[in-house]
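# Architecture and fold: a report
What follows is the residue order along each chain.
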Amino acid sequence: MSSSVTNSQAKGGPAIEWAARLIPGAGTAFTSGKLKHPRSSHTRLRLSERAAICEAPNQEQRLSEKVVRFLMPSLFAVQEPQARWIAPDFALITVNWLLLGACGVVLRLTLRNAGLLQLQHPPQWPSSLLAIGVINAALITLIAQAEGLYRSPASAVERRRLLAKSVFLAMLVLAIASRLRALPVGIDSIMTAALLHMAVLSGWRGLSERRIRQNAGERSTKNVLLIGAGETARRIAQYVQKHPEEGRCIIGVIDKPHSPTNGATGPRADIAILSRRGFVDEVIIAGIPDREVLTTLVSEVRRLRLDLELAPDFEAMPVAQNRGDTLAGYPLISLHKESVPKTGLRIKRAFDLISAGFAFAVLSPLFVVIALMIRLDSRGPIIYAAPRAGLKGRIFRCYKFRTMVSDADKLKAELRGQNERSGVLFKIAKDPRITRVGTWLRRYSLDELPQLWNVLKGDMSLVGPRPHPLDDVAAYDLEHFSRLDVTPGITGLWQVSARRDPSFEHSIELDREYIQGWSLGFDLHILLRTVVAVVRGSGE
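Residues numbered from 1 in each chain as written. Predicted model: local features only at pLDDT ≥ 70, side-chain atom pairs only at ≥ 80, totals over all residues. Heavy atoms only, no water.

## Some details on the overall build of the protein chain
A tally of helices and strands in the protein chain yields 19 helices and eleven strands. The proportion of buried residues among the 540 residues of the protein chain is 47%. For the protein chain, the proportion of contacts with a sequence separation of at least 24, taken over those separated by at least 6, is 75%. Working note: accessible area of the protein chain is about 27600 Å², and carbon and sulfur atoms make up 61% of it. (Helix = DSSP H or I, 4+ residues; strand = E, 2+ residues; numbered from the N terminus. Buried < 20%, exposed > 50% of the residue type's maximum accessible area, 1.4 Å probe, protein only. Contact = heavy atoms within 4.5 Å. Areas by Shrake-Rupley, 256 points an atom, 1.4 Å probe, with all protein chains shown as cover.)

Take a look at the structure:
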């Protein structure tokens, strides 16, 4: 066993302290009324101040989650992978009706100008089509959800069949309403819309599934640890590999304790280690284990804050079609589900997109000025693009304005002996690699501005743990990987409270505090403190 794992276990406390998945806002340092003080005595938020920022918005967030669940129809109480299909289907169906209305207006104008159609008034776009489109979209998606289209059908043929059935039934309802004169559209328009729906939805699904297969490791993929190495586990693993559009990725397969067989990657005793290394979100048990083993697994997975699903082998028994979620033809029984603040995280992402896009547009003249200054000051590229470890350890290119000489990375190894930071971080107060313009850019943190593009791409957020270079990540102990459970940010709690603290362990501690106590209000507070720090020129 690696030294990092041994050291982690020797530090005291159960494995949960270093192996558990960190869920934003799911746990906070204020629940007990006490705060574990960081080792450094540098500036940090006061307990009462941080509690007011973190706990109150978390209560508001829980209230918003309850309101959404109350208003959402039970058929649409879906998981995120299903919502990724339902929302575009709804939008495309609505847009199809708007396009039909526009095409109808153009066709009537063309026929009138050609003298083939006599009209007393110029044709107008029927405003009722928007309402009809929304109603039609709701009907199709509701029927498709009830039929199981969004619950992992077994094959592409089955998906097309369920889509055609959903469109047919929904259009049949519209046709009956049209015959009863309840809708201001004719049967010909409804038939045309049905054909358009099938063409557009089928085409979009084909392109989306192809794109997902090409980008199987994208950010939205759920990492899965599969327990069981029998026939059931083999079929599930093969199915997940062939269907990345399901939003799952098998990162490991575990058999019985100390007997890895049939391609299994480790013993069950190493669930904590494998889940931490692989950034596991969900554990799936293939088959039905004995009661004692199942009880142990449920307890361990709950402590690790992972989702747990059971895929029993019911091949010998008839299973009701389209009842609940299935995987590779096996029913999925949820044994434990972690509460993730999806609504809050979506709002956070929307805020990132709007704020980063606005800042990018407003600051574009400054970008040009900085680019000219860098070009005139030293040789080399204007933008420094370096690989960084992001969410769940996925590598992305992080952009900054170049503040060092062009061969700075090669000189880094020679300067390791002058490192003023503890742990894996590397920092020198008077780094000889920094250029004259680079010193000024770093002082006001202007070198970070190109990371607004990383925010727009989704690789980063405005607020979150800072992304570390790959050589620093390679030196992580196992307990350090928990900071990668969330999207990295341009600024974070460490930047505004202990930026000059040389302790790497303290920075990790602050990252964990931020994740566990996360809220939208906390993000806003950190952003405001960041603006103050930038104006004061407190960067290094």
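## Focus on the pairing of strand β4 (residues 307-311)
For β4, the tally of buried residues reaches five of five residues, placing the bulk of the element in the interior. Residues of β4 alternate between two faces, with Asp307, Glu309 and Ala311 on one and Leu308 and Leu310 on the opposite face, all of them buried. Where strand β3 (residues 282-286) meets β4, five bridges bridge the pair, whose relative direction is parallel. What sits directly across from Ile284, in β4, is Glu309. The parallel pair β3 and β4, bridged by helix α10 (residues 291-303), forms a crossover whose chirality is right-handed. Sheet topology places β4 next to strand β7 (residues 333-336); three bridges connect them, and they run antiparallel. The residue bridging Leu308 from the neighbouring strand is His336, located in β7. (Pairing = 2+ DSSP bridges. Right-handed = clockwise from strand over helix to strand, strands pointing away.)

## Side note on the pairing of strand β2 (residues 248-254)
Here strand β1 (residues 222-227) runs beside β2; their pairing, made up of six bridges, is parallel. Residue pairing for β2: Ile227 is matched across the bridge by Ile254. Where the polypeptide runs from β1 across helix α8 (residues 231-242) and back to β2, its parallel neighbour, the crossover connection is right-handed.

## Side note on the sheet that holds β2
As a general point, the strands of a sheet are linked pairwise by backbone hydrogen bonds and lie either parallel or antiparallel. In space, the five strands of this open sheet follow the order β2-β1-β3-β4-β7, with mixed pairing throughout. Two strands bound the open sheet, and with one partner strand each, they are β2 and β7. The average angle at which neighbouring strand axes cross in this sheet is 30 degrees, direction not considered. By the bridge criterion, four bridges tie β1 to β3 in an arrangement that is parallel. Across the sheet, residue Leu226 finds its bridge partner in β3, namely Ile284. Its contacts with the sheet place α8 against β1, β2, β3 and β4, and it is angled at close to 150 degrees to β2. (Axes fitted to C-alpha atoms, helices over the stretch in contact; angles between N-to-C directions.)

## With respect to the nonpolar core
The biggest cluster of nonpolar side chains holds 30 residues, and the ones touching the most others in it are Ile370, Phe401, Leu441, Leu452, Leu493, Tyr514 and Ile526. Once residues within four sequence positions are removed from consideration, Leu441 is found in contact with Ile370, Ile374, Phe401, Arg402, Thr403, Leu446 and Asp447. (Core = buried A, V, L, I, M, F, W, Y, C linked by side-chain atoms within 4.5 Å.)

## Concerning the packing of helix α5 (residues 128-147) against helix α6 (residues 156-179)
Packing of α5 against α6 leaves a shortest axis separation of 9 Å and a crossing angle of 135 degrees. In terms of their interaxial angle, α5 and α6 are classed as oblique. By crossing handedness, the relation of α5 to α6 is classed as right-handed. Contacts between α5 and α6 involve Asn136, Leu139, Ile140, Ile143, Ala144 and Glu147 on the former and, on the latter, Leu162, Lys165, Ser166, Val167, Leu169, Ala170, Met171, Val173 and Leu174. Residues of the contact of α5 with α6, tallied by class, amount to eleven nonpolar, two polar and two charged. (Parallel < 35°, antiparallel > 145°, perpendicular 65-115°, else oblique. Left-handed = near helix turned anticlockwise from the far one by under 90°. Nonpolar A, V, L, I, M, F, W, Y, C, P; charged D, E, K, R; others polar.)

## Focus: the packing of aromatic side chains
Applying the stated criterion across every chain yields a total of eight aromatic pairs. Ring plane angle 50 degrees and centroid distance 6.3 Å describe the contact between Phe360 and Trp453, whose orientation is recorded as tilted. Residue Phe360 is found in helix α11 (residues 342-362), and its partner Trp453 is found in helix α15 (residues 451-457); the two are separated by 93 residues along the sequence. With relative accessibility at 42%, the residue Trp453 sits in the partly exposed group. Their ring planes at 80 degrees and their centres at 5.3 Å tell us that Tyr476 and Phe481 sit as a pair that is edge-to-face. For the residue pair Tyr476 and Phe481, the accessibility class agrees, reading buried in each case. (Phe/Tyr/Trp six-rings, centres within 6.5 Å; stacked < 30°, edge-to-face > 60°.)

## Looking at α5
If you check α5, its first and last C-alpha atoms are 29 Å apart, about what 20 residues at 1.5 Å a residue would give, namely 28 Å. All of the buried residues along α5 are Leu129, Ile132, Gly133, Asn136, Ala137, Ile140, Thr141, Ile143, Ala144, Gln145 and Glu147. Immediately beyond the C-terminal end of α5, within one or two residues, lies Gly148, with a positive phi of roughly 95 degrees. (Expected span 1.5 Å × (residues − 1).)

## Here we look at the side chain of Asn96
On the secondary structure map, Asn96 appears in helix α4 (residues 80-113). For Asn96, a relative accessible area of 3% translates into the label buried. Apart from residues no more than four positions distant in its own chain, Asn96 is found in contact with Leu196, His197 and Val200.

## Here's the deal with the pattern of salt bridges
Where charged atoms from two side chains of opposite charge approach closely, those side chains can pair. On inspection of all chains with the given rule, the structure shows 19 salt bridges. Measuring nitrogen to oxygen at the nearest pair gives 2.8 Å for the salt bridge that ties Glu282 to Arg248. A residue pair is termed long-range when its members are at least 10 positions apart, and Glu282 in strand β3 and Arg248 in strand β2 qualify at 34 residues. What you see here is one network of salt bridges that share partners, running through Lys400, Asp447, Glu448 and Arg466. (Salt bridge = Lys/Arg side-chain N within 4 Å of Asp/Glu carboxyl O.)

## Focus on helix α18 (residues 504-516)
Taking 1.5 Å per residue, 13 residues should reach 18 Å; α18 reaches 19 Å between its end C-alpha atoms and fits that length. In terms of residue burial, α18 counts as a mostly covered element, since eleven of its 13 residues are buried.

## Describing the environment of Phe168
Along the chain, Phe168 falls in helix α6. Residues Phe168 and Ile140, spaced 28 residues apart in sequence, show a C-alpha to C-alpha distance of 8.7 Å.

## Description of the confidence of the model for the protein chain
Of the residues in the protein chain, 70% have a pLDDT of 70 or more, and the chain-wide mean is 76. The element-level mean pLDDT for the protein chain is lowest in helix α1 (residues 3-10), coming to 36, with strand β10 (residues 461-463) highest at 95. Within the model, pLDDT remains below 50 along residues 28-58, and this stretch shows 60 contacts once partners closer than five positions in the same chain are excluded. Long-range and interchain partners of residues 257-264, a stretch whose pLDDT sits below 50, account for twelve contacts in this model, where long-range means more than four residues apart. (pLDDT = per-residue confidence, 0-100.)

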